[in-house]
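One-letter residues, chain by chain:
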Amino acid sequence: METGMDDLRQKYLGLISGAADEASLENLRVQAVGKKGEISLKMRGLGKMSPEERKEAGPALNALKDEINSALAAKKSALADAALDARLQSEWLDVSLPGRRYRQGTIHPISQVTEEVSAIFADMGFAVAEGPQIDSDWYNFDALNIPGHHPARAEMDTFYMHRAEGDERAPNVLRTHTSPVQIRSMEAHGAPIRIIAPGRVYRADYDQTHTPMFHQVEGLAIDKGISMANLKWVLEEFVKAYFEVDAVDLRFRASHFPFTEPSAEVDIRCSWEGGTLKVGEGDDWLEILGSGMVHPKVLQNSGVDPAEWQGFAFGMGIDRIAMLKYGIPDLRAFFDSDLRWLRHYGFAALDQPNLHGGLSR
Ligand code: PHE
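Model, not experiment: these values are computed from the prediction. (Residues numbered from 1 in each chain as written. Predicted model: local features only at pLDDT ≥ 70, side-chain atom pairs only at ≥ 80, totals over all residues. Heavy atoms only, no water.)

Examining the overall build of the protein
Each helix and strand counted, the protein has 12 helices and 10 strands in total. By the compact-globule yardstick of 21 Å for 361 residues, the protein is too spread out, its C-alpha radius of gyration being 37 Å. Dimensions along the principal axes, computed over C-alpha positions, put the protein at roughly 115 × 50 × 50 Å. Across the 361 residues in the protein, those meeting the buried criterion constitute 42%. Restricting the contact set of the protein to residue pairs at least 6 apart, pairs at least 24 apart contribute 66%. Surface summary for the protein: the accessible area is close to 20,000 Å², and the carbon and sulfur share equals 51%. (Helix = DSSP H or I, 4+ residues; strand = E, 2+ residues; numbered from the N terminus. Rg over C-alpha atoms; globule rule 2.2 N^0.38 Å. Buried < 20%, exposed > 50% of the residue type's maximum accessible area, 1.4 Å probe, protein only. Contact = heavy atoms within 4.5 Å. Areas by Shrake-Rupley, 256 points an atom, 1.4 Å probe, with all protein chains shown as cover.)

Structure representation (structure tokens):
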């Protein structure tokens, strides 16, 4: 034999392992095992051999061909892997880099505060619930023990939706508070239940501390043996966590809501001195929430047996507590979409508030 099989083996295995890319690998394949390749030619030579020679050379050639073929396949996939790695190395993209061509957007303080509030209540075992912004008068009023003639309806400066002429049904309303989500959540999940429901609410009112659209977060906890004491504890824990301080001055005032009995309004100590709003000092009080023990009729209207279950509810002004925490004196500016204001008061888009990393950093 001219070139020994061992030599061929050495030659091609060496060339294959040194191949730089898929094209040179393909050339090697043709050279070795292609129709006119060195090994194929040798196989053709088998015919001219004596039977004894062939008996030995045949299987050896076949084994060599197999070996070369699998070396080719292995090298091919190694080259493909290396090519992918190289691409991944050169094409990587840091998605957390700030934009270069466009000015970076910011998270609106209301969104930021909603996230903060959700993080704190999630830590106390409250799930986040939702309800529609356009709701029926049943959910917004009647189910909450506010019948048609009740003065609370007038007090809330409700926006009514249009009904087609001849449609006798009571008009839907833009929800005046997040309390209808209490009813919807209890209907859907029964008791026990622990939810908060942040969202937009609407009332026809406009001054430094009132806008026709604003934000509330409802809280609801129904279980066996819940009392006002639990309400007070939860609110105090919340306020401390939210303002990131050890103590805050809260004032619980006896009040009245048709859907809670007894009811309390909660104010927080603050000062407006020099036009800046500061929490925890001064002689002013800002009302931040209404609360109380859920009225038995409200439980009943939601399919929960008041003989077995009770609990508390509260409705807090998100915009109010945003103003307090971030020293924003005029509520109306929240919704002016003034870019200078948004850049000043907005939050970095990638800082998600959580209790471990810090709420507002
Ligand atoms: N829904 C009341 C409001 O908007 C607040 C509230 C909620 C009071 C829950 C008591 C219980 O003023």
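Considerations on the pairing of strand 7 (residues 260-271)
With nine of its 12 residues buried, strand 7 lies for the most part within the structure. With antiparallel pairing between neighbouring strands as the criterion, strand 6 (residues 250-257) and strand 7 make up a hairpin whose turn holds two residues. Here strand 7 pairs with strand 9 (residues 284-294) via nine bridges, running antiparallel. Bridge pairing links glutamate 265 to glycine 290 in strand 9. (Pairing = 2+ DSSP bridges.)

Notes on the side chain of asparagine 140
As for its position among the elements, asparagine 140 is in helix 6 (residues 137-140). Other than its neighbours up to four places away in sequence, asparagine 140 contacts Ile146, Val173, Arg175, Thr176, His177 and Pro180.

Remarks on the side chain of glutamine 182
You can see glutamine 182 is positioned in helix 8 (residues 180-189). Under the relative-accessibility criterion, glutamine 182 is labelled buried at 1%. Among residues more than four places away in sequence, those in contact with glutamine 182 are Leu144, Glu218, Leu220, Val294, Val298 and Ala313.

Some thoughts on the site of the ligand
Neighbouring the ligand are 14 residues; His177, Ser179, Arg203, Gln216 and Gly315 lie closest to it. In this structure, histidine 177 approaches the ligand through a side-chain N or O atom, which is 2.9 Å from a nitrogen atom. Within the contact set of the ligand, an oxygen atom lies 2.9 Å away from a side-chain nitrogen or oxygen of glutamine 216. Notes on the ligand: free accessible area 330 Å², of which the protein chains cover 92%. (Near = heavy atom within 4 Å. Polar contact = N/O pair within 3.5 Å; in protein donor to acceptor, adjacent residues only side chain to side chain.)

Thoughts on the nonpolar core
Judged by nonpolar contacts, the single largest core of 45 residues is most densely connected at Phe121, Phe238 and Phe312. With seven residues, helix 9 (residues 228-243) is the single largest residue contributor to this core. If near-sequence neighbours (up to four positions away) are discounted, phenylalanine 121 is found in contact with Phe126, Ile196, Val234, Phe238, Phe314 and Met316. Listed in part, the 25 residues of the second largest apolar core include Phe141, Ile146, Ile195 and Val298. (Core = buried A, V, L, I, M, F, W, Y, C linked by side-chain atoms within 4.5 Å.)

What about a negative patch on the surface?
A contiguous patch of negative charge, built from Glu155, Asp157, Asp205 and Asp207, is present on the exposed surface. Summarising the element assignment, glutamate 155 is placed in helix 7 (residues 151-155). (Patch = residues over 30% accessible without salt bridge, like charges linked within 9 Å, V, L, I, M, F, W, Y side chains within 5 Å. Salt bridge = Lys/Arg side-chain N within 4 Å of Asp/Glu carboxyl O. Lys, Arg positive; Asp, Glu negative; His and termini not counted. Charge placed at Lys NZ, Arg CZ, Asp CG, Glu CD.)

Focus on the packing of helix 5 (residues 109-123) against helix 9
Across the interface, helix 5 lies against helix 9 with an axial gap of 10 Å and an inter-helix angle of 130°. Compared by their axis directions, helix 5 and helix 9 come out oblique. Note that helix 5 runs across helix 9; the crossing there is right-handed. Contacts from Val113, Glu116, Val117, Ile120 and Phe121 in helix 5 reach Val234, Phe238, Ala241 and Tyr242 in helix 9. (Axes fitted to C-alpha atoms, helices over the stretch in contact; angles between N-to-C directions. Parallel < 35°, antiparallel > 145°, perpendicular 65-115°, else oblique. Left-handed = near helix turned anticlockwise from the far one by under 90°.)

Description of the pattern of salt bridges
In total, this model carries 18 salt bridges according to the counting rule given. Across the pair arginine 169 and aspartate 167 runs a salt bridge, and its minimum N-O distance is 2.8 Å. For arginine 332, the salt bridge identified is with aspartate 330, shortest N-O distance 2.9 Å. With relative accessibility at 26%, the residue arginine 332 sits in the partly exposed group. Each of the salt bridges in this network shares a partner with another, and the network as a whole consists of Arg251, Arg253, Glu265, Asp267 and Glu287.

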